[in-house]
Amino acid sequence: MKNGFPHFMLKEIHEQPEALKNTILPRLVKGLPDFGDDGIPDTVLKQCRQVHIVACGTAMHAGMVARALMEPLLRIPVMVSIASEFRYEEPLIDDKTLVIIISQSGETIDTLAALRLAKAFGASTLSVVNVKGSTIARESDYVFYTHAGPEIAVASTKAYSVQLAALYMVCCRMALVRGNYSHEEAEDFIKKLLDAIPAMEAMIEKRDEVKALVTHLINKPDAFFIGRGLDYAFSLEGALKLKEISYIHAEACAAGELKHGTIALITDQVPVIAIATQEKVFSKTISNIREVKARGGFVILLTKERTKVEPGIADAQVSIPEIGDKFTVFPIAVVLQLIAYYASVGKDLDVDQPRNLAKSVTVE
Ligand code: M6R
């Protein structure tokens, strides 16, 4: 069942490029995203005045990435809510709102309750679900099935990257039908999305390089992940992955927010994983890394391979292939997953079945 891999998680990390292909390629018509076979009408994507994304855990983190991508592109409000909060709120949503529900299992109880609330408010509901025929899929107005195949390890890996691929495609189709993108721009977006597949393969090939980094983490009680913009959204998932399977206390902090509190915790005992793949905020993130270095923090820097970094800024570094800034999440996700995986293995923990966690959370 594990196809020769020691753990399901490692197998599922390796399955990601294929899962991306299975999710993206059947939905391309002449190089553009087309959801005719999914029964998702353009009118829903075109007429909404706001988007509200609701999910839990890793799925919510995919939503955070989508928000950072969608709002500047579509020029409409895009919000993300944690389902267990949303379900008890009185959200400002209506029949002009597209609520996107994300769930690998399609059975998470808080996410299901959020879907029912969104429907009660009259919103259109589109779910991004991996498990066919699951409750969330059945109860949503429209479903975008991801094609990751069964995910067995509790720590979500391939489900996260296909959720992202689905959300990127929805974003591109929305931009096209709403007039934010021309055909050429949409085609270019999809080409760059497809570039993510070899970029992920390249990072899987570099797994030993990532494994070597983990020696700086496994004996430490805490670790921080920092970044700005999209890089911050990636950091959230990096921290969750590390804590859930290695039991290292891990926290993501928007890099510019460090000096508002979190920097008090940075000492020479603290590893900081700094993600700096976004040109727009790169120099700002580097300034924050300097602040960390000044407190003795051990900096592991994740950047693109051609990014010039001044000597001494990082104690260790992993580079991802050159790829459009909007798409760096795909290779970065592989690095973050491998960091967590090798930390768990290095501590001799139960990688696939971490303590206190269930694959599908069907109770409140
Ligand atoms: O099945 P779902 O996507 O609704 O599950 C949501 C979370 O429970 C899940 O993503 C969880 O955070 C992961 N196991 C973390 O790796």
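Just so it is clear, the model here is predicted, and its values are computed rather than measured.

## Considerations on the pattern of salt bridges
Counted according to the given criterion, the structure contains 17 salt bridges. Its salt-bridge partner being Glu-15, residue Lys-11 comes within 2.8 Å of it at the nearest N-O pair. By relative accessible area, Lys-11 is classed as buried at 12%. For Glu-310, the salt bridge goes to Arg-290, with nearest N and O atoms at 2.8 Å. Separated by 20 residues along the polypeptide, Glu-310 in the loop between strand S11 (298-304) and strand S12 (316-320) and Arg-290 in helix H12 (residues 282-294) bring together distant segments of the chain. According to the relative accessible area criterion, Glu-310 is partly exposed, its value standing at 40%. A residue is classified by how much of its surface remains accessible, and Arg-290, at 39% relative accessible area, is partly exposed. One salt-bridge network, held together by shared partners, links Lys-11, Glu-15 and Lys-158.

## A closer look at the site of the ligand
Of all residues adjacent to the ligand, which total 14 residues, the nearest are Ser-103, Gln-104, Ser-105, Thr-108 and Glu-244. Separating an oxygen atom of the ligand from a backbone N or O atom of Ser-156 is a distance of 2.9 Å. Within the side chain of Glu-244, one N or O atom sits 2.3 Å away from an oxygen atom of the ligand. Notes on the ligand: free accessible area 410 Å², of which the protein chains cover 90%. Contributions of two or more residues to the shell around the ligand are made by helix H4 (57-74) and helix H11 (230-246). Of the residues assigned to the shell around the ligand, the class counts are 5 nonpolar, 7 polar and 2 charged.

Criteria and cut-off values
- Residues numbered from 1 in each chain as written.
- Predicted model: local features only at pLDDT ≥ 70, side-chain atom pairs only at ≥ 80, totals over all residues.
- Heavy atoms only, no water.
- Salt bridge = Lys/Arg side-chain N within 4 Å of Asp/Glu carboxyl O.
- Buried < 20%, exposed > 50% of the residue type's maximum accessible area, 1.4 Å probe, protein only.
- Helix = DSSP H or I, 4+ residues; strand = E, 2+ residues; numbered from the N terminus.
- Near = heavy atom within 4 Å.
- Polar contact = N/O pair within 3.5 Å; in protein donor to acceptor, adjacent residues only side chain to side chain.
- Areas by Shrake-Rupley, 256 points an atom, 1.4 Å probe, with all protein chains shown as cover.
- Nonpolar A, V, L, I, M, F, W, Y, C, P; charged D, E, K, R; others polar.

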